[in-house]
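Summary of the model geometry
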Amino acid sequence: MPPPIVTRFAPSPTGYLHLGHAASALTGWQAAREAPGGRFLLRIEDIDRTRCRPEYEQAILEDLGWLGLEWEQPVRRQSEHGADYRAALDRLAGRGVLYPCFCTRAAIAAEIAAAGAAPHGADGPLYPGLCRRLDPAQRAARLAAGEPHALRLDAAAAAAAVGPLAWEERGEGRVAVVPGALGDVVLARKDIAASYHLAVVVDDALQGITLVTRGRDLFSATHVHRLLQALLDLPTPTYHHHLLLADATGRRLAKRTGALGLRQLRAAGRTPAEVRALAGFAAPKAAP
Ligand code: GLU
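Residues numbered from 1 in each chain as written. Predicted model: local features only at pLDDT ≥ 70, side-chain atom pairs only at ≥ 80, totals over all residues. Heavy atoms only, no water.

1. Some words on helix 2 (residues 54-67)
Worth spelling out the cut-off: Strands here are runs of E lasting at least two residues and helices are runs of H or I lasting at least four, both read from the DSSP assignment and numbered beginning at the N terminus. Helix span is expected to be 1.5 Å times the residue number reduced by one. Each residue is assigned to one of three classes by its accessible area relative to the maximum for its type, calculated with a 1.4 Å probe on protein chains only: buried under 20%, partly exposed between the two thresholds, exposed over 50%. By the convention used here, residues are in contact when the closest approach between their heavy atoms is within 4.5 Å.
Counted at 1.5 Å a residue, the expected span for helix 2 with its 14 residues is 20 Å, and the 20 Å between its end C-alpha atoms agrees. Looking only at helix 2, the buried set comprises Tyr 56, Glu 57, Ala 59, Ile 60, Asp 63, Leu 64, Trp 66 and Leu 67. Looking at the buried residues of helix 2, the elements they touch are strand 1 (6-9), helix 1 (19-34), strand 2 (39-44), strand 3 (76-77), helix 9 (262-267) and helix 10 (272-278).

2. Some words on the packing of aromatic side chains
Where we set the bar: For Phe, Tyr and Trp, rings pair up if their centres lie within 6.5 Å, where Trp contributes its six-membered ring, and each pair is then called stacked (planes under 30 degrees apart), edge-to-face (over 60) or tilted (otherwise). A ring is scored as having a charge over it whenever the NZ atom of a lysine or the CZ atom of an arginine sits within 6 Å of its centre and within 35 degrees of its normal.
Enumeration according to the criterion identifies three aromatic pairs in this entry. Taken together, a centroid distance of 4.9 Å and an interplanar angle of 85 degrees make the contact between Tyr 16 and Tyr 56 edge-to-face. Taken as a pair, Tyr 16 in the loop between strand 1 and helix 1 and Tyr 56 in helix 2 lie far apart in primary sequence, 40 residues in all. Arranged with centres 6.2 Å apart and planes meeting at 70 degrees, the rings of Trp 167 and Tyr 239 form a pair that is edge-to-face. Of the two residues, Trp 167 sits in strand 8 (residues 166-169) while Tyr 239 sits in strand 12 (residues 238-242), which places them 72 residues apart along the sequence. Members of the aromatic cluster, each reached through a chain of ring pairs, are Trp 167, Phe 219 and Tyr 239. Its guanidinium or amino end placed over the ring of Tyr 127, Arg 152 lies 3.7 Å from that ring's centre, counting from NZ or CZ.

3. Here we look at the pattern of salt bridges
Counted only if it meets this: The salt bridge definition used is simple: a Lys or Arg side-chain nitrogen within 4 Å of an Asp or Glu carboxyl oxygen.
The final tally for this structure, using the stated rule, is 21 salt bridges. The salt bridge partner of Asp 204 is Arg 8, with a shortest N-O separation of 3.0 Å. Here Asp 204 is found in helix 7 (residues 196-206), whereas its partner Arg 8 is found in strand 1, with 196 residues between them in sequence. Using a relative accessible area of 3% as the deciding quantity, one classes Asp 204 as buried. Assessed through its relative accessible area of 4%, Arg 8 is described here as buried. One salt bridge connects Arg 39 with Glu 72, and the closest N-O pair in it is separated by 2.8 Å. Placement of Arg 39 in strand 2 and of Glu 72 in the loop between helix 2 and strand 3 is noted, with a sequence separation of 33 residues between them. We classify Arg 39 as partly exposed; its relative accessible area is 33%. For Glu 72, a relative accessible area of 29% puts it in the partly exposed group. A network of salt bridges, in which partner residues are shared, links Arg 8, Arg 43, Glu 45, Arg 76, Asp 84, Asp 203 and Asp 204.

4. Topic: the nonpolar core
For clarity, the threshold we go by: Side-chain atoms within 4.5 Å are what join buried Ala, Val, Leu, Ile, Met, Phe, Trp, Tyr and Cys residues into a set we call a nonpolar core. Segment limits for the domains were obtained from an automatic or database-derived domain assignment.
Membership of the largest hydrophobic core comes to 37 residues, with the highest contact counts inside it found for Tyr 85, Leu 92, Leu 153, Leu 187, Leu 198, Leu 228 and Leu 231. Those elements that provide at least two residues to this core are helix 3 (82-94), strand 10 (186-188), helix 7 and helix 8 (221-231). Looking at this core, the element that brings in the most residues is helix 8, giving six residues. Lining this core are residues from two domains, each supplying at least three of them: domain 1 (1-79 + 245-288) and domain 2 (81-208 + 220-235). Those residues in contact with Tyr 85 that lie beyond four places of it in its chain are Ile 47, Arg 76, Gln 78, Ala 194, Leu 198, Ala 199, Val 202 and Asp 203. Counting residues in hydrophobic clusters, the runner-up holds 25 residues, among them Leu 19, Leu 67, Trp 71 and Ala 279.

5. Comments concerning the site of the ligand
Short version of the rule: Throughout, near means a residue has at least one heavy atom within 4 Å of the molecule or strand. Nitrogen and oxygen atoms within 3.5 Å of one another constitute a polar contact, given that in protein one can donate a hydrogen and the other can accept it, and given that sequence-neighbouring residues count only through two side-chain atoms. The residue classification treats Ala, Val, Leu, Ile, Met, Phe, Trp, Tyr, Cys and Pro as nonpolar and Asp, Glu, Lys and Arg as charged. All others, Gly included, are polar.
The environment of the ligand is formed by Arg 8, Ala 10, Pro 11, Ser 12, Glu 45, Tyr 196, Val 200, Arg 214 and Leu 218. Between Arg 214 and the ligand, the recorded distance is 2.9 Å, taken from a side-chain N or O atom to an oxygen atom. Of the residues contributing to the shell around the ligand, the split by class is five nonpolar, one polar and three charged.

Below you can see the structure in the form of structure tokens.
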């Protein structure tokens, strides 16, 4: 018998939920409900304390409950699990695939502008590798001086360490990993214990997630996530990157969504069933 399906919805409390979030949450919820013994978990991705707010977290729980979703307790909140991410960082450091990056955003932008044709990844220009090429003595001196820095994944070193990889995309089949799809991503910053990429990989494994359902906008991130799973010896879930809902003008829904916010729809008198239907999840037809 295949293992039971365990899915999750993992919002960041940086704004109110909109119809696109509802569609995403319902995708995971439905996949769990359709599978015998399926489980649905909720995770609050609040690791970036500079952008998250408790009132948004409260609103997320309320809005999902109003929509009719149920999830298992306890809810995992990333801000409470710094030790798990630190352990993963130590493990990666032990494999020699991390390097400190002292660059400011401005320095990176200037370097990209100066390079003219900077290499681009799936999500835009890639980090140009300034600190990867630092002279080791200089790197050690800057670390010893306590200079603030981030930790980046050396994508080429990581790829060499683990060899070719792939993941299973539900309904599409095997996707071969492009290790440098997003370049040398940041895995920790001086003000944030772990980046989204690291925290999501650690948490999906710790929570036993077998099917990751999330928007198509995160498809390219999965190249990095699969690489991190291999480096950390973690199991690989199946992925389903669903299509994103668009607004009336065809643009992807953003956090500021006006009339398509769940709170606005609710205030306008829409019922949970109507909002589920708007998100593409019509209620099953009543038996005749
Ligand atoms: N926290 C991420 C977001 O709100 C989603 C992460 C994921 O589903 O992997 O965009």
